[in-house]
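# Architecture at a glance
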Amino acid sequence: MKRDIAGLLLLLIMPATLIIIMALVQDAPFKDFQSMKFDILLADADHGSTSHQLIDGLKNAGSFHIIDSIDNKPVTEADLKQLLQKGDYKIGILIPSGITANIANSANIAANSIAKKMGVDAMLPTGPLHGQMFVHIFFDPVSKPAFRAAISSALDKYITAACSGILMERLSSLNKNGSDTSAQNDNLSKIMQGIGVKEEPLDSRGDNMMLHINSVQHNVPAWAIFGIFFIVIPIAGNMIREREDGSAIRIALIPGANQFVGPGKIIFYTLICSLQFMLMLCVGIWIMPLLHLPALHLGLHPWLLLPATLSIGFAATTYGYFIGTIFKTINQALPFGSVSVVILSAIGGIWVPVEILPHTMQRVALVSPLHWSLETVNIIMLRDGGLQAVAIPVALLLFSGITLWGCSIIAEKKRNHSVQ
Amino acid sequence: MLAIEVSDLHKNYKGAWAPALAGFSFSVTPGRIAGLLGPNGAGKTTTINILCGLVSPDKGTAKIFGFDCVKDSGAVRHKIGVAPQQVALFGNLTATENLTYVGRLYGLKDEAINKRATALLERLGLLAHAGKRINAYSGGMKRRANIIASLLHEPDLLILDEPTAGVDVQSRALILDFLKEYKQQGKTILYTSHLMEEAQQICDEVTIIDEGKFITKGTPNELIRNTPDCKKLEDVFLHYTGHSVRD
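Remember, predicted model here, so these are calculated numbers, not experimental data. (Residues numbered from 1 in each chain as written. Chains lettered and ligands numbered in written order. Predicted model: local features only at pLDDT ≥ 70, side-chain atom pairs only at ≥ 80, totals over all residues. Heavy atoms only, no water.)

When its secondary structure is counted, chain A shows 17 helices and seven strands. Counting the 420 residues in chain A, one finds 49% classified as buried. Expressed as a percentage of contacts within chain A between residues at least 6 apart in sequence, the contacts between residues at least 24 apart total 81%. (Helix = DSSP H or I, 4+ residues; strand = E, 2+ residues; numbered from the N terminus. Buried < 20%, exposed > 50% of the residue type's maximum accessible area, 1.4 Å probe, protein only. Contact = heavy atoms within 4.5 Å.)

A few words on the interface of chain B and chain A. If you look at the interface, chain B gives 27 residues, while chain A gives 20 residues. Approximately 2000 Å² of surface area, both sides summed, lies buried where chain B meets chain A, with 60% of it carried by carbon and sulfur atoms. Connecting chain B to chain A are zero salt bridges. Counting every contact that joins chain B to chain A gives five residue pairs in polar contact (both at pLDDT 80 or more). Within the residue set of the side of chain B that touches chain A, elements represented by two or more residues are α1 (44-52), α2 (73-79), α3 (95-105) and α5 (139-151) of chain B. (Buried area = accessible area lost by both parts, 1.4 Å probe. Salt bridge = Lys/Arg side-chain N within 4 Å of Asp/Glu carboxyl O. Polar contact = N/O pair within 3.5 Å; in protein donor to acceptor, adjacent residues only side chain to side chain.)

Let us now look at the pattern of salt bridges. One pass over the full model with this rule turns up 17 salt bridges over all chains. A salt bridge links Arg32(B) to Glu205(B), with the shortest nitrogen-to-oxygen separation between them at 2.8 Å. Within this pair, whereas Arg32(B) is found in the loop between β2 (21-28) and β3 (33-37), its partner Glu205(B) is found in strand β9 (residues 205-210), the two being separated by 173 residues in sequence. The exposure class assigned to Glu205(B) is buried, which follows from its relative accessible area of 5%. If you follow the salt bridges from partner to partner, you end up with Lys90(A), Asp140(A), Glu375(A) and Arg383(A) in one network.

Right, let's get into a nonpolar patch on the surface. Side chains of Trp286(A), Ile287(A), Leu290(A), Leu291(A) and Leu293(A) sit close together on the surface and give an oily, nonpolar patch of about 550 Å² of accessible area. Among the secondary structure elements, Leu290(A) is positioned in helix α12 (residues 257-290). (Patch = residues over 30% accessible without salt bridge, like charges linked within 9 Å, V, L, I, M, F, W, Y side chains within 5 Å. Areas by Shrake-Rupley, 256 points an atom, 1.4 Å probe, with all protein chains shown as cover.)

Residues and elements named next belong to chain A. In this structure, the second largest pocket occupies an estimated 1000 Å³ of space. Lining the second largest pocket we find 39 residues, and of these Gly87, Asp88, Lys90, Glu375 and Arg383 sit closest to its centre. Put simply, the parts of the chain that give the lining of the second largest pocket at least two residues each are β1 (38-44), α3 (77-86), α15 (359-364), α16 (369-381) and α17 (387-416). If one sorts the elements of the lining of the second largest pocket by residue count, α16 sits on top with six residues. In terms of residue class, the lining of the second largest pocket is built from 18 nonpolar, eleven polar and ten charged. The two domains that each donate at least three residues to the lining of the second largest pocket are domain 1 (29-208) and domain 2 (214-419). (1 Å grid on protein atoms, 1.4 Å probe; cavity = no way out; pocket = protein on both sides within 12 Å on 5 of 7 lines; lining within 4 Å. Points joined across faces, edges and corners; volume = space filled by probe spheres on them. Nonpolar A, V, L, I, M, F, W, Y, C, P; charged D, E, K, R; others polar. Domains from an automatic or database assignment.)

With that settled, the discussion passes to the sheet that holds strand β7 (residues 157-161) of chain B. Residues and elements named next belong to chain B. Strand order across the open sheet formed by six strands is β6-β7-β8-β3-β9-β10, with mixed pairing between neighbours. Bordering the open sheet on either side are β6 (80-83) and β10 (213-218), each of which pairs with just one other strand. Averaged over all neighbouring strand pairs, the angle between strand axes comes to 15 degrees, with direction disregarded. Relative to β9, β3 is paired through four bridges, and the arrangement is parallel. When the sheet's bridge partners are listed, alanine 34 is paired in β9 with glutamate 205. Of the strands in this sheet, β3, β6, β7, β8 (188-192) and β9 are in contact with α1, which crosses β7 at around 150 degrees. (Pairing = 2+ DSSP bridges. Axes fitted to C-alpha atoms, helices over the stretch in contact; angles between N-to-C directions.)

Right, dumping it as structure tokens:
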């Protein structure tokens, strides 16, 4: 077993890892969104009894983890929008001002109506019926439509139930006789729907942004990144072939040549990756519409795709360089390289959006360069982020590339001095 | 100054059952063809790899024209040209492309590369095939191209690790004639081979190594004369290294 550890890895550990990762990743889409627990950022602009009851209802519902304060400060509408725009949270709820007054008015109207039908004079003060007020729901611009619909539906259910409870409580306190009010008033259910849930865009461009949440917008960059990382196959294959056929020795024998050849390879393959990504973007922009699909939207700062693509290409190239250095044979390197890219793509959100993965997997996603690659592209295309916004994921990609390259150089030196 | 000066070299590879080198010492005078002969696993390739700076010795020193092979490996590599056992060329490139690439990495100008490459390709019978990919070459052609790539920067010391292994008689004769010519230019050649007849034919001096240790040294004629019952270099070799088959 000791003689072929890499072979053993490929035979046993790789498929086992693949099975575990894929089962975890695919677990979320097979579950009803309503059975999962999500972090929800909540801003209460009402501060009334109804909003407090709503918040308590959501907290007790069990499906949501409500965050209504950060650093002991209540979340404001501005905080909520900013944090969602940055992608720090995926879902936000704004309880607008006046919701308590509106629901009280609805309850009073309903109670007076019931009292009137019972032959009692209406006695509760009422204002004009304003119709339905909305609890606003916001999403991270990157969130997918299916996710939005499922969460909106679940929230609507809980909020409607909570509002009904509030109304019923008020009516029963007003109606001393405790009779079945709902059966006595045809319009009661309509009046009781005093509060609804409505999804809102984060800013004025939001409606347009909503148009860009489509399969093209996810699949083109996601699978283009996946394709870029498959550069590990030619890089690792060529490096091992060069060692096997002796051409690597020729380079090693030329003074200082490795200082040029190594970086030269990295630069060349990085440019190839970038070209590949740009071509895939062109497919998204011009070919997809020909297939009656939406065109790819590049965001407000498309020029940022250049440093983003170069950093993604660099991370992918150095990963291939690393695989090509540490494995001795093509038979070991190629299966490992391809399966590892599949695993990194699965945990990185290429197959299934990271936001619907279990919490543990969301943390695991942070180790995947494909996650940071997709995050960088999403920031540019969907969040309209600027240079500052992409700086961190780009820096992480460059850091992972430099680390892998450094490890490759160390491994190469070690092998040269220990293998006959 | 000696062309090669190796002193008390030790090298143990991880996992190996015996040391590759166990205190090996030898030297080569400039302007000569020196044969380094030994059975399989004797330590020839390890010695060459240490001389080239590809492997570090555990102990001992190796110098080429006074430059330490570990500390001054850059200077050493300028002085040497190496044709390893493997055909150290890019199979998907043509001979011309390979030589241009190697020449540029040595810092040569394209004009100089073209001039030297053409002369060497012509001398070693490959000029007509310079535009063909190395993968399409026969074994003998690959060996010759391998030697040309190691000579492009005109090294003072040419190290050849079994340059005629697996080549036909014609290619071998061409290679050996070329090596004699190269020596005439005042260059030094270190040569390893399992072909004793060939070594006897071209070497000015021969060092025999076995089990990582120095065994004997001398001109082929001296060795034959001074070893009892020996009529050729192969007899001398078997006398010192025995008849048992090596792994």
